[in-house]
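One letter stands for each residue in the lines below.
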Amino acid sequence: GENVEQHPSTLSVQEGDSAVIKCTYSDSASNYFPWYKQELGKRPQLIIDIRSNVGEKKDQRIAVTLNKTAKHFSLHITETQPEDSAVYFCAAEELRGYSSASKIIFGSGTRLSIRP
Amino acid sequence: EAQVTQNPRYLITVTGKKLTVTCSQNMNHEYMSWYRQDPGLGLRQIYYSMNVEVTDKGDVPEGYKVSRKEKRNFPLILESPSPNQTSLYFCATLAQGGYGYTFGSGTRLTVV
């Protein structure tokens, strides 16, 4: 089955600097890679996602890159701000259409802290 | 407003006392799932349901039961809770097509 590894488990960066979180997956059938942000005491929320037919996707200060050959994908946050402090989860999913169950496997999470 | 509602938010119980955590959604989603979140282990799937009356085990189903008698509700049942089930639980729904979960607000369960 799918296995998703996420690194680092904790990350501290100076406000204004960039942060990068990396994930690897094992199942080449995975074709959808969402990222979730979980602020302290709150629920995880989808912040960006990428499908396997795309190499990079950007949304303002957040970008995700995907290397299908190497089976890894990364989250990049530029110009970090205090509100970026949170736990970030990557996930890998094989979208099979609604006739079959989508299996989503989450990484173990990265706690990002932004130093003022 | 699209919502996934879990109750209760916090629960402290004793070993062996049956409990139910409720989950209700108003988005008409077919797919619902339960996860537990533990430090260093991320989110692990307990059970999922593709549609009414169809449920299946996730990665960590032991000690849990679910039911899906109607589309909007997906309760999680702990028949005989044990301390190793102390965790943060999330219900989640998945829109048709599978693009991204919507999570409930979570239930922090402590079993003593």
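Position numbers for residues count from 1 along each chain, tracking the sequence in the order it is written. A letter from A marks each chain and a number from 1 marks each ligand, given out in the order of writing. Reporting in this predicted model follows two pLDDT cut-offs: at least 70 for local features of residues, and 80 or more for side-chain atom pairs to be given and counted; totals over whole chains, interfaces and linings ignore these cut-offs and use all residues. Calculated side-chain values reflect all of the structure's heavy atoms, with hydrogen atoms and water omitted.

**Comments concerning the overall build of chain B**
Here's step 1: Each helix and strand counted, chain B has zero helices and eleven strands in total.
Here's step 2: A run of H or I in DSSP counts as a helix once it spans at least four residues, and a run of E counts as a strand once it spans at least two, with each numbered from the N terminus. Each helix and strand of chain B, placed in order from N terminus to C terminus, yields the pattern β-β-β-β-β-β-β-β-β-β-β.
Here's step 3: For this measure, only C-alpha atoms enter the radius of gyration; the expected value for a globule follows 2.2 Å times N^0.38, where N is the number of residues. In terms of overall size, chain B behaves like a compact globule, its C-alpha atoms giving a radius of gyration of 13 Å where 112 residues would be expected to give roughly 13 Å.
Here's step 4: Taken along the three principal axes of its C-alpha coordinates, chain B extends 40 × 30 × 25 Å.
Here's step 5: Buried, partly exposed and exposed residues are distinguished by accessible area as a fraction of the type maximum, computed with a 1.4 Å probe on protein chains only: under 20%, between the cut-offs, and over 50%, respectively. Out of the 112 residues belonging to chain B, those deemed buried represent 52%.
Here's step 6: Any pair of residues with heavy atoms lying within 4.5 Å of one another is described as a contacting pair. Long-range pairs, those at least 24 residues apart, make up 52% of the contacts in chain B between residues at least 6 apart in sequence.
Here's step 7: Residue exposure ignores everything except the shown protein chains as possible cover, and the areas themselves are Shrake-Rupley values with a 1.4 Å probe. With the model as given, the accessible surface of chain B reaches about 5,200 Å², and the carbon-plus-sulfur share is 50%.
Here's step 8: By the counting scheme adopted, Arg and Lys are positive, Glu and Asp are negative, and His together with the chain ends is not counted. The location of each charge is read from NZ of Lys, CZ of Arg, CG of Asp or CD of Glu. Positive and negative side-chain charges in chain B, numbering 12 and 9 respectively, have mean positions lying 6 Å apart.

**A look at the overall build of chain A**
Here's step 1: Each helix and strand in chain A was counted, giving zero helices and eleven strands.
Here's step 2: Reading the secondary structure of chain A in the N-to-C direction produces β-β-β-β-β-β-β-β-β-β-β.
Here's step 3: A globule of 116 residues ought to have a C-alpha radius of gyration of about 13 Å, and chain A, at 14 Å, matches this closely.
Here's step 4: Put simply, chain A has 116 residues, and 45% of those count as buried.
Here's step 5: The contacts of chain A with a sequence gap of at least 6 include a subset with a gap of at least 24, amounting to 54%.

**Overview of the sheet that holds strand E8 (residues 72–77) of chain A**
Residue and element names in this part refer to chain A.
Here's step 1: Following DSSP output, two strands are said to pair if at least two bridges run between them. Read across the sheet, five strands follow the order E1-E3-E8-E7-E6 without closing on themselves; strand pairing throughout is antiparallel. Two strands lie at the open edges of the sheet, namely strand E1 (4–7) and strand E6 (56–59), each paired on one side alone. Averaged over all pairs of adjacent strands, the angle between their axes in this sheet comes to 15°, without regard to strand direction.
Here's step 2: Inspection of the sheet shows strand E3 (residues 19–25) paired to E8 by six bridges, in the antiparallel sense. Within E8, the residue paired with alanine 19 across the bridge is isoleucine 77. Only C-alpha atoms enter the line fits that serve as axes; for helices the fit covers just the stretch in contact. Angles between N-to-C directions range over 0 to 180 degrees.

**Comments concerning the state of the cysteines**
Residue and element names in this part refer to chain A.
Here's step 1: Two cysteine sulfurs form a disulfide in these notes if their separation is within 2.5 Å. Under the defined criterion, the tally for this structure stands at two disulfides over all chains.
Here's step 2: Linked covalently through their sulfurs, cysteine 23 and cysteine 90 form a disulfide whose S-S length is 2.0 Å. Every disulfide takes its handedness from the sign of the S-S torsion; for cysteine 23 and cysteine 90 that torsion is -100°, giving left-handed. With cysteine 23 in strand E3 and cysteine 90 in strand E9 (residues 86–94), this pair connects stretches of sequence that are 67 residues apart.

**Some words on the packing of aromatic side chains**
The relation between two aromatic rings is expressed through the spacing of the ring centres and the mutual angle of the planes.
Here's step 1: Ring geometry is summarised as follows: Phe, Tyr and Trp rings, the Trp one being its six-membered ring, pair when their centres sit within 6.5 Å, and such pairs are stacked at plane angles under 30 degrees, edge-to-face over 60 and tilted between the two. This model, assessed by the stated rule, comprises 16 aromatic pairs over all chains.
Here's step 2: Arranged with centres 5.3 Å apart and planes meeting at 90°, the rings of A:Phe106 and B:Tyr35 form a pair that is edge-to-face. Of the two residues, A:Phe106 sits in strand E10 (residues 103–106) while B:Tyr35 sits in strand E4 (residues 31–38), which places them in two different chains.
Here's step 3: In this structure an aromatic cluster arises from ring pairing among A:Tyr36, A:Phe106, B:Tyr31, B:Tyr35, B:Tyr48, B:Phe90, B:Tyr101 and B:Phe103.
Here's step 4: By definition, being over a ring means that NZ of Lys or CZ of Arg is both within 6 Å of the ring centre and within 35 degrees of the ring normal. Residue placement shows B:Arg68 over the ring face of B:Phe74; its charged tip is 5.9 Å from the ring centre.

**Let's talk about the interface of chain B and chain A**
Here's step 1: Each side of the interface is counted separately: chain B has 28 residues, and chain A has 23 residues.
Here's step 2: Accessible-area loss on putting two parts together, using a 1.4 Å probe and summing over both, is the definition of buried area adopted here. Both sides together, the interface formed by chain B and chain A hides about 2,000 Å², and carbon and sulfur atoms give 58% of it.
Here's step 3: Considering only the side of chain B, the residues that lose the most area to chain A are B:Leu43, B:Tyr99 and B:Phe103, jointly responsible for 27% of the buried surface there.
Here's step 4: Should a side-chain nitrogen of Lys or Arg be within 4 Å of a carboxyl oxygen of Asp or Glu, the pair is scored as a salt bridge. Summed over the shared surface of chain B and chain A, the result is zero salt bridges.
Here's step 5: Polar contacts, as counted here, are pairs of nitrogen or oxygen atoms within 3.5 Å of one another; within protein the pair requires one atom able to donate a hydrogen and one able to accept it, and residues that are adjacent in sequence qualify only if both atoms are side-chain atoms. Along the contact surface separating chain B from chain A lie four residue pairs in polar contact (both at pLDDT 80 or more).
Here's step 6: Among the secondary structure elements, those contributing two or more residues to the side of chain B that touches chain A are E4, strand E5 (42–51), strand E9 (87–94) and strand E10 (101–103) of chain B.
Here's step 7: It is E5(B) that contributes the most residues to the side of chain B that touches chain A, five residues altogether.
Here's step 8: Here the side of chain B that touches chain A is composed, by residue class, of 14 nonpolar, eleven polar and three charged. In this classification, Asp, Glu, Lys and Arg are treated as charged, Ala, Val, Leu, Ile, Met, Phe, Trp, Tyr, Cys and Pro as nonpolar, and every other residue, Gly included, as polar.

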